[in-house]
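Reading the structure
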Amino acid sequence: MTQHEQILDIYGSISSKTGEMLEAAKSSDWDRLVALEQDCRTLIERLKHNDTGPGPNAVFVQQKVAFIRKVLADDAQIRRYTEPWMNQLEAYLGSARQEQRLQRAYETDCGG
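Residues numbered from 1 in each chain as written. Predicted model: local features only at pLDDT ≥ 70, side-chain atom pairs only at ≥ 80, totals over all residues. Heavy atoms only, no water.

Comments concerning helix α1 (residues 3–26)
So the rule is basically this: Here a helix means four or more residues in a row that DSSP labels H or I, a strand means two or more in a row labelled E, and each is numbered from the N terminus. Working rule for helices: expected span equals 1.5 Å times residues minus one.
Compared with the 34 Å implied by 1.5 Å per residue over 24 residues, the 35 Å span of α1 between its first and last C-alpha is a close match. Following α1 by one or two positions, serine 28 adopts a phi angle in the positive range, close to 55°.

Remarks on the side chain of threonine 18
Using the following cut-off: Each residue is assigned to one of three classes by its accessible area relative to the maximum for its type, calculated with a 1.4 Å probe on protein chains only: buried under 20%, partly exposed between the two thresholds, exposed over 50%. By the convention used here, residues are in contact when the closest approach between their heavy atoms is within 4.5 Å.
By the element assignment, threonine 18 lies in helix α1. Of the residues examined, threonine 18 reaches a relative accessible area of 5% and is grouped as buried. Ignoring any residue separated from it by four or fewer positions in sequence, one finds threonine 18 in contact with Cys40, Lys70, Val71, Asp74 and Ile78.

Overview of the packing of α1 against helix α2 (residues 30–50)
Helix packing for two helices is described by the angle between their axes and how far apart those axes are. Rules: As a rule, the C-alpha atoms of each element are fitted with a line to give its axis, helices using only the stretch in contact, and angles between N-to-C directions run from 0 to 180 degrees. Roughly parallel means an angle under 35 degrees; roughly antiparallel means over 145; roughly perpendicular covers 65 to 115; every other angle is labelled oblique. What makes a crossing left-handed is the near helix being turned counterclockwise from the far one by less than a right angle; a clockwise turn instead makes it right-handed. Gly is put with the polar residues, along with every residue not named as nonpolar or charged; the nonpolar set is Ala, Val, Leu, Ile, Met, Phe, Trp, Tyr, Cys and Pro, and the charged set is Asp, Glu, Lys and Arg.
Interhelical geometry of α1 versus α2 gives an angle of 165° and a closest axis separation of 9 Å. Comparing the axis directions of α1 and α2 gives the class roughly antiparallel. In this structure, α1 crosses over α2, and the sense of that crossing is left-handed. Residues Gln3, Ile7, Ile10, Tyr11, Ser13, Ile14, Lys17, Thr18, Glu20, Met21, Ala24 and Ala25 of α1 form the contact with α2, whose participating residues are Trp30, Arg32, Leu33, Leu36, Glu37, Asp39, Cys40, Leu43, Ile44, Arg46, Leu47 and Asn50. In terms of residue class, the contact of α1 with α2 is built from 14 nonpolar, four polar and six charged.

So this is what it looks like as structure tokens:
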């Protein structure tokens, strides 16, 4: 396998992982989503060390661009599913922090 074939293979693997991430997000499987995101980061690190140039020809560039567009589309869809969950999580954590502050204030004021 040539270096350029390896690069396209990595892009393809990233594209597959983002597709799996989208399915995990759709089913609210947050643990799986996090694990897949870690896998994707590992692939991206590999890509950073291997993808050093524009490529040998137009076909290579077209395939690379197609993978990148698919990854970006998946990412946009994943955000559609994760942003409401993140907002709920932030609200919950904010409420918990406020409750802790009130508890500490009550203990301080009442000598508790």
